[in-house]
Amino acid sequence: MKSILSKDERMFAMASAIILGIFALISFAPFMLIAISSISSTKSLVTKGYSFFPSSLSLDSYLYMLAQGKIILRSYGVSFFVTTVGTITSLIITPMLAYPLSRKDFKLRGLFTFLVFFSLLFNGGVVPSYIMWARLFSLKNTIWALIIPTYLMYGFNVLLVKNYFERNVPKDLIEAAQIDGANEWTIFSKVMIPLSTPVIATVGMFTGLAYWNDWINGLYYISDPALYGVQQLLIRILNNIAFLRSSAAASIVGNIVISLPGDSIRMALAIIGILPILIVFPLLQKYFIRGIVIGAVKG
Amino acid sequence: MNPKRSFLQSVKYSLPLLVLALPGMIYLIINNYFPMLGIIIAFKKLNYAKGILGSPWVGLSNFKFLFSTPDAWVMTRNTLLYNLAFIVIGTIFAIGLAILMNEITSFFYAKYFQGMYLLPNLISMVVVSYLVFAFLNADTGLLPKSVFPALKVQDINFYTSPGYWPLILLIVFLWKNTGYASIIYLSSIAGIDRTIYEAARIDGAGKWQQIRYITLPLLKPTIIILFLFSIGRMMYSDFGLFYQVTMNSGALYSTTQTIDTYVFRGLMQLNNISMASAAGVYQSFIGFILVLGANFLVKKINPENALF
């Protein structure tokens, strides 16, 4: 039933819109600051620092990155590899575990579900995990150190997919498939997965985001710069800009000699680091919001 | 029916399902359960040459030593107080944002606004540390270079002044998490029966009264439950926020050291594994007790929302 808005309500709606606009601005302003800083000239940065209103602009930082792009490109490659392999593996083993747990007639369902659930409540802490991956499995300075520890499967996601299977795939469908002689793998891959794309997309998105944004595994296990992902490169450069300077202090782009534009290139790198997220997120916003809501209602 | 045969049948029946579950379960056992055995490290004087099992037992002396240092008090205080501030102020902001968002859901730009509020939540703490650096660093930061001179405020070197960081970290937390946290409240508000508001309007209730007497009371169960679950996480902190955003600055430890940063520094930088593992076990156990306590209370209030 729609009724005419009272004056009070019109005022409230207007005030809401204004306040929300300001919030949106606050959310976005820091990104603007680094974007503008990344194209500020060195001269402007020396006199005014990072500013929304630089005195002059320059693309030196991006040109320099193109010229000295090897380190950056390599870290991008590492991050893409880790994100892709980690997310795909996770999207295979997470539903594979969730499916038996969703089957009431699976003998070990109770024990396994408890183990998955308890892993969310209690842990052995960072120290034993570190010693196990670094010493027992010798993962230090291998690409697997960025993929395997912590992120490969998260108990919460298993329960999320399990609940989705239980609520959204009719039992009759599974029974019908069994009567037709389908084995468990066929039921899983031909019935469960196709009927669960929304939850798979949600889990995939959160997992992909976790891998792309992860720097803690790198902090613990990687000291070899050849295995730096984007985030770890960013840490290294925030602390020591000279790391980018692989050979000479100056770089030649065409005929122009560009010396390392330290202050602007930092911010250009931050922009490069979030670019993939900015590109992908608008497509996935729906799944993101749905994921938060179903996750909050019941784990 | 012969029970033995039915057991064998059920094993045969469950076997394909077990095979499907196996990769995930093996990973879970290795990644989550095997390290739990490592809790014994906290009760030993670790010597890599002898191995964990061969190292001598020292009882509770690692814990005694940990709690005799001022670090134990500082990191516990910081962890709990930051969490408390984040929970209380974060909840107020999240609900406020959700109530306002609910007013404009019909507007075409609502989706874009929501996207902007979520954006800070999608970036890593490393990028957040860049944003904070752009605002605060003494040489080129926006505040020291542009804002303070204009306001004639004295120069502040933020990265060596611990007193400012509780506020800075609170702002960063709110900036990063409010949009995300508001989604849950927004979906709760959207679930409230519209006819209640219609009835209130007919009785002449204004917007404020509707919020005060309808929206907030109906959100109360959600608020309490999310609050209790946050209590269960009180011993844990966002490592990136306290380590990376502060740029691991030693001058700031008095207000930025949390249990997580202490464990990391003990393990990776100071090579003090005994203290690190004692602090880790302290965190895990108190944290576990808090989760159980929180769940107990949730169960009392609303059994449907209890975790177990």
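Per chain, residues are indexed from 1 in the order of the written sequence. To label them, take the chains in the order written and letter them from A, then take the ligands in the order written and number them from 1. Local features in this predicted model are restricted to residues whose pLDDT is 70 or higher, and side-chain atom pairs enter the listing and the counts only when it is 80 or higher, whereas totals over whole chains, interfaces and linings include all residues.

Colleague: Run through the domain arrangement of chain A, naming residues and quoting values.
Modeller: Residue and element names in this part refer to chain A. Split by domain assignment, chain A resolves into domain 1 (7-68 + 245-297) and domain 2 (69-221). Each domain span listed reflects an automatic or database assignment of domains. Computed over C-alpha atoms, the centres of domain 1 and domain 2 are 32 Å apart. Listed by partner, the interface residues are 15 residues for domain 1 and 11 residues for domain 2. Every element with two or more residues in the side of domain 1 that touches domain 2 is listed here: α3 (60-67) and α14 (262-297). Secondary structure counts use DSSP, requiring at least four H or I residues in a row for a helix and at least two E residues in a row for a strand, with both numbered from the N terminus. With 10 residues, α14 is the largest single contributor of residues to the side of domain 1 that touches domain 2. In terms of residue class, the side of domain 1 that touches domain 2 is built from 10 nonpolar, four polar and one charged. We call two residues in contact when their backbone-placed C-beta atoms lie within 7 Å. Following the grouping adopted for this structure description, the nonpolar residues are Ala, Val, Leu, Ile, Met, Phe, Trp, Tyr, Cys and Pro, the charged ones are Asp, Glu, Lys and Arg, and the polar ones are all others, Gly among them.

Colleague: Tell me about the packing of helix α4 (residues 69-102) of chain A against helix α8 (residues 155-168) of chain A, and please be specific about residues and values.
Modeller: All names here are of chain A. Orientation of α4 relative to α8, taken along the N-to-C sense of each, is 50°, at an axis distance of 8 Å. When the axes of α4 and α8 are compared, the pair comes out oblique. Between α4 and α8 lies a crossing of right-handed hand. Counted together, Thr94, Pro95, Leu97, Ala98, Tyr99, Leu101 and Ser102 of α4 and Asn157, Val158, Val161, Lys162, Phe165 and Glu166 of α8 form the full contact between these two elements. Within the contact of α4 with α8, the residues separate by chemical class into eight nonpolar, three polar and two charged. Every angle, taken between N-to-C directions, lies between 0 and 180 degrees, and every axis is a line fitted to C-alpha atoms, over only the stretch in contact when it is a helix. Working definition: roughly parallel below 35 degrees, roughly antiparallel above 145 degrees, roughly perpendicular at 65 to 115 degrees, and oblique for all remaining angles. Put simply, a crossing is left-handed when the front helix is turned counterclockwise from the back one by less than a right angle, and right-handed when it is turned clockwise.

Colleague: Break down the interface of chain B and chain A for me, citing the residues and quoting the values.
Modeller: Counting residues at the interface gives 71 residues for chain B, matched by 82 residues for chain A. Every element with two or more residues in the side of chain B that touches chain A is listed here: α1 (3-37), α4 (70-103), α5 (110-122), α6 (125-136), α7 (142-151), α8 (165-190), α13 (259-269) and α14 (273-301) of chain B. The element best represented in the side of chain B that touches chain A is α1(B), accounting for 17 residues. Grouping the amino acids of the side of chain B that touches chain A by side-chain chemistry returns 47 nonpolar, 20 polar and four charged.

Colleague: An account of α5(B) is requested, with residue identities and associated values reported.
Modeller: In this analysis, the expected span of each helix is defined as 1.5 Å times one less than the number of residues it contains. Taking 1.5 Å per residue as the helical rise, α5(B) with its 13 residues ought to reach 18 Å, and the 19 Å between its terminal C-alpha atoms agrees with that figure. Residues with at least 20 neighbouring C-beta atoms inside 10 Å of their own are called buried, those with 12 or fewer are called exposed, and the rest are partly exposed, where every C-beta is derived from the backbone. The set of residues buried in α5(B) consists of Phe113(B), Gln114(B), Gly115(B), Met116(B), Tyr117(B), Leu118(B), Leu119(B), Pro120(B) and Leu122(B).

Colleague: Would you mind going over unusual backbone geometry in detail, with residue names and values included?
Modeller: It is generally the case that most residues other than glycine have a negative phi and that most peptide bonds are trans. Backbone geometry at Ser138(A) places phi at a positive 50°, although glycine is not the residue there. Structurally, Ser138(A) can be placed in the loop between α6 (126-136) and α7 (144-147). Take Ser138(A): there are 11 C-beta atoms within 10 Å of it, and that puts it in the exposed class. Positive phi, close to 55°, is recorded for Met247(B), a residue that is not glycine. By the secondary structure assignment, Met247(B) is in the loop between α11 (239-243) and α12 (253-256). A residue is classified by how many C-beta atoms lie within 10 Å of it, and Met247(B), with 17 of them, is partly exposed.

Colleague: If you had to explain the confidence of the model for chain A to someone new, which residues and values would you point to?
Modeller: Confidence scores labelled pLDDT are given residue by residue by the predictor and lie between 0 and 100. Per-residue pLDDT for chain A averages 88, and the proportion of residues at 70 or more is 90%. Per-element averaging of pLDDT across chain A places strand β1 (residues 250-253) of chain A at the bottom with 52 and α7(A) at the top with 97.

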